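# Structural overview for review
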Amino acid sequence: MAKKRLHIKTYGCQMNVYDSARMADVLAPLGYEATDVPDDADLVILNTCHIREKAAEKVYSEVGRLRLLKEEKARTGGRMLVAVGGCVAQAQGEEMMRRAPTIDLVFGPQAYQDLPDLLGRATRELMETGRSHVVAVDLAVDEKFDRLPEMAAAQGYSAFLTIQEGCDKFCSFCVVPYTRGAEYSRPVPDIIAEARRMVDQGTVEITLLGQNVNAWHGDDGTGAAAGLGELMRRLAEIDGLERIRYTTSHPRDVDADLIAAHRDVPKIMPFLHLPVQSGSDRILKAMNRRHNAARYHEIIASLRDARPDLALSSDFIVGYPGETDADFEATMDLVRQVGFASAYSFKYSPRPGTPAADLDEQVPEDVKSLRLAALQEELLRQQEAFNTATVGQILPVLLERDGRHPGQLVGRSPFMQAVSVDAGSAAGHLKGTIRNVEIAAVLSNSLRGRLVEPVNLVAAQ
Ligand code: SAH
Ligand code: SF4
Ligand code: F3S
């Protein structure tokens, strides 16, 4: 079979990263091999994100660049297909092709198992009419996982596994329920089988993914209902799987068993991304988050009780319609009270089709900017304090990849901190293993550490 070149560019969240890997699996039987650059590719897929306006706009500038490459390829007698997948594709569908005729195919997050068929149709239309208008934006999730091939390529030492998709929460600012569809949980046997295959191929750490990962529910094999805590207990039994993480969770779905799992299962890493969005009860209510600040504090307290070294991360939105200075101060208070190891914060971005976009009382851009700057300053201060507190500690680090300098390896601490170490000639041997590292210094985006075992001794093992 003729080899073809496939370039996938991924935007947005980890779920898109997982989807991109699976798209490559779906296309491998057709002879497509991944390439890092779009130049000269036979197929380019943009796997897009619609969460904020800026994210969505990036797609069109990228399509503009691809137009030139596509024309260049056509001049030399070749053909480049340009496909747009992911959440912008789902939200805008056919409109994308009207705006950017360079696009040959638009497909949503629940349609990529059909890529071989969709590409066949696009190619036929191109040959017959010189234009393709193939659009696939059906949102039924349950079919996708049943029809995806087994994961083909090794996913790396630390890899993602989607266990849950879609969202039924409808926070008033958010596009996800419209772009990903209704909440769906993959069955336990599928998840366990996929995890085993990943571990057989060398994966040491698995991050379970879902738009609402802790809304995952299934049965434990005996017919009894199980939640994420129980699922992780089962996964922890897999030999060779050393670390388990999950993201993104919703405060509303943190149950007692999940908290207990943090206490009982050492393989669950002591780091949790638990988005709160705001510290103001008034705003949380308007956002339809269905939890208040007190409940968030209560959850954090129980989690810390179960796992005292737990580090926390969160997402924040500033400038939600109607947010006053007092509301924003409530967010700052919450941040100061909780203490985060890291966090993401965003200016509210009105999204077409979501209830909040139509509200009066939109907050002026300059107010949003000031609030974001103040919040980020505090979050950065907390992050630095957290990192500095780990200096001198010995932490187990999963050494995942080569660093910039020869012999350097980079990995992650249990708390998701990037840590680099000098492993010298043992680097090749140590990659993919978890090693004790003494944290020596805080750099701008990472920590520098020292392997605790003498390197030559480890290499001789
Ligand atoms: N399911 C996750 C979040 C997924 S979206 C949860 O419920 O927390 C990731 C983050 O993007 C959100 O946590 C939120 O902080 C941010 N976000 C979503 N919609 C946004 C919008 N319209 N404007 C700004 N930020 C937004
Ligand atoms: Fe969006 Fe809310 Fe669903 Fe998270 S829980 S994906 S913020 S609607
Ligand atoms: Fe973006 Fe879709 Fe993920 S909108 S954040 S890629 S679910």
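Residues numbered from 1 in each chain as written. Chains lettered and ligands numbered in written order. Predicted model: local features only at pLDDT ≥ 70, side-chain atom pairs only at ≥ 80, totals over all residues. Heavy atoms only, no water.

## A look at the site of ligand 2
Contacts to ligand 2 come from Cys-167, Lys-169, Phe-170, Cys-171, Phe-173, Cys-174, Val-176, Pro-177, Asn-212, His-250 and Arg-289. In terms of residue class, the shell around ligand 2 is made up of seven nonpolar, two polar and two charged. (Near = heavy atom within 4 Å. Nonpolar A, V, L, I, M, F, W, Y, C, P; charged D, E, K, R; others polar.)

## Section: the packing of helix 9 (residues 228-236) against helix 10 (residues 256-264)
Running from amino to carboxyl end, helix 9 crosses helix 10 at an angle of 30 degrees, the nearest separation of the two axes being 7 Å. On the basis of their axis angle, the class for helix 9 and helix 10 is roughly parallel. On the side of helix 9, the interface is formed by Leu-228, Gly-229, Glu-230, Met-232 and Arg-233, while helix 10 contributes Asp-257, Leu-258, Ala-260, Ala-261 and Asp-264. Split by residue class, the contact of helix 9 with helix 10 holds five nonpolar, one polar and four charged. (Axes fitted to C-alpha atoms, helices over the stretch in contact; angles between N-to-C directions. Helix = DSSP H or I, 4+ residues; strand = E, 2+ residues; numbered from the N terminus. Parallel < 35°, antiparallel > 145°, perpendicular 65-115°, else oblique. Contact = heavy atoms within 4.5 Å.)

## Some points on the sheet that holds strand 21 (residues 447-451)
By definition, the strands of a sheet pair up through backbone hydrogen bonds, in either a parallel or an antiparallel sense. Taken in spatial order, the five strands line up as 17-18-19-21-20 and close into a barrel, and their pairing is mixed. Between one strand axis and the next, the sheet turns by 50 degrees as a mean value, whatever way the strands run. Here strand 18 (residues 408-412) runs beside strand 19 (residues 418-422); their pairing, made up of five bridges, is antiparallel. Counted as the bridge partner of Leu-409 is Val-421 from strand 19. Against the sheet, helix 14 (residues 365-390) makes contact with strand 17 (394-402), strand 20 (434-442) and strand 21, and its axis sits at roughly 120 degrees relative to strand 20, the strand it touches most. (Pairing = 2+ DSSP bridges.)

## As for the pairing of strand 17
As paired strands, strand 17 and strand 20 are joined by five bridges and run antiparallel to one another. Bridged to Val-397 within strand 20 is Arg-435. In terms of strand pairing, strand 17 meets strand 18 through four bridges, oriented antiparallel. Among the inter-strand pairings, Leu-398 is bridged to a residue of strand 18, identified as Arg-412. Remark: five residues form the turn of the hairpin made by strand 17 and strand 18, two consecutive strands paired antiparallel; Gly-407 in that turn has positive phi of roughly 85 degrees.

## Here we look at the pattern of salt bridges
Per the counting criterion, the structure on display carries 37 salt bridges. Arg-65 is the partner of Glu-62 in a salt bridge, and the nearest nitrogen-oxygen pair spans 2.7 Å. One end of the pair is Glu-62 and the other is Arg-65, both in helix 2 (residues 53-75) and three residues apart, which spans about a single turn. For Glu-62, a relative accessible area of 6% puts it in the buried group. Overall, the relative accessible area of 48% leaves Arg-65 in the partly exposed class. (Salt bridge = Lys/Arg side-chain N within 4 Å of Asp/Glu carboxyl O. Buried < 20%, exposed > 50% of the residue type's maximum accessible area, 1.4 Å probe, protein only.)

## Here we look at the site of ligand 3
Around ligand 3 lies a shell formed by Cys-13, Asn-16, Thr-48, Cys-49, His-50, Ile-51, Cys-87, Arg-180 and Gln-211. Class assignment for the residues of the shell around ligand 3 results in four nonpolar, four polar and one charged.

## A few points about the sheet that holds strand 16 (residues 342-347)
Here three strands make up an open sheet; going across it, the order is 14-15-16 and the pairing parallel. The outermost strands of the open sheet, each flanked by one partner alone, are strand 14 (271-273) and strand 16. Strand after strand, the sheet turns through a mean of 10 degrees between neighbouring axes, direction not considered. The pairing of strand 14 with strand 15 (residues 311-318) spans three bridges and is classified as parallel. Residue pairing across strands places Phe-271 opposite Ala-311, the latter belonging to strand 15.

## Remarks on helix 13 (residues 325-338)
Taking 1.5 Å as the rise per residue, helix 13 with 14 residues should run 20 Å; its terminal C-alpha atoms sit 20 Å apart, in good agreement. Every buried residue of helix 13 is listed here: Asp-327, Phe-328, Thr-331, Met-332, Leu-334, Val-335 and Val-338. The arc enclosing the buried residues of helix 13, seen along the axis, measures out at 155 degrees, which places them on a common side. Looking at helix 13, the residues exposed on the side facing more than 90 degrees away from the buried face are Asp-325, Ala-326 and Gln-337. Positive phi appears at Gly-339, one or two residues downstream of helix 13, with a value of about 80 degrees. (Expected span 1.5 Å × (residues − 1). Arc of directions from axis to C-beta.)

## Thoughts on the side chain of Gln-382
Structurally, Gln-382 can be placed in helix 14. Gln-382 gets classed as buried once you look at its relative accessible area, which sits at 7%.

## Topic: the nonpolar core
Counting 78 residues, the largest nonpolar core has Phe-107, Leu-208 and Leu-235 as its most contacted members. The contact partners of Leu-208, leaving out residues within four places of it in the chain, are Leu-161, Ile-163, Val-213, Leu-228, Met-232, Leu-235, Ile-244, Arg-245, Tyr-246 and Thr-247. Ranked by size, the runner-up nonpolar core spans 21 residues in total, among them Ala-55, Leu-66, Val-82 and Val-106. (Core = buried A, V, L, I, M, F, W, Y, C linked by side-chain atoms within 4.5 Å.)

## What to know about the confidence of the model for the chain
Residues at a pLDDT of 70 or more form 98% of the chain, whose mean pLDDT is 94. Of the regions scoring below 50 in pLDDT, residues 456-461 engages in eight contacts with residues more than four places distant in sequence or in other chains. (pLDDT = per-residue confidence, 0-100.)

## Some details on the packing of aromatic side chains
Summed over the entire model, instances satisfying the criterion amount to five aromatic pairs. Between Phe-316 and Phe-340, the aromatic rings sit 5.6 Å apart at their centres with planes inclined by 85 degrees, giving edge-to-face as the arrangement. Here Phe-316 is found in strand 15, whereas its partner Phe-340 is found in the loop between helix 13 and strand 16, with 24 residues between them in sequence. Residue Phe-316 is classed as buried on the basis of its relative accessible area, which comes to 0%. A cation sits over an aromatic face here: Arg-52 above Phe-346, 3.6 Å from the ring centre. A cation over an aromatic ring shows up here: Arg-99 above the ring of Tyr-60, its NZ or CZ 3.7 Å from the ring centre. (Phe/Tyr/Trp six-rings, centres within 6.5 Å; stacked < 30°, edge-to-face > 60°. Lys NZ or Arg CZ within 6 Å of the ring centre and 35° of its normal.)

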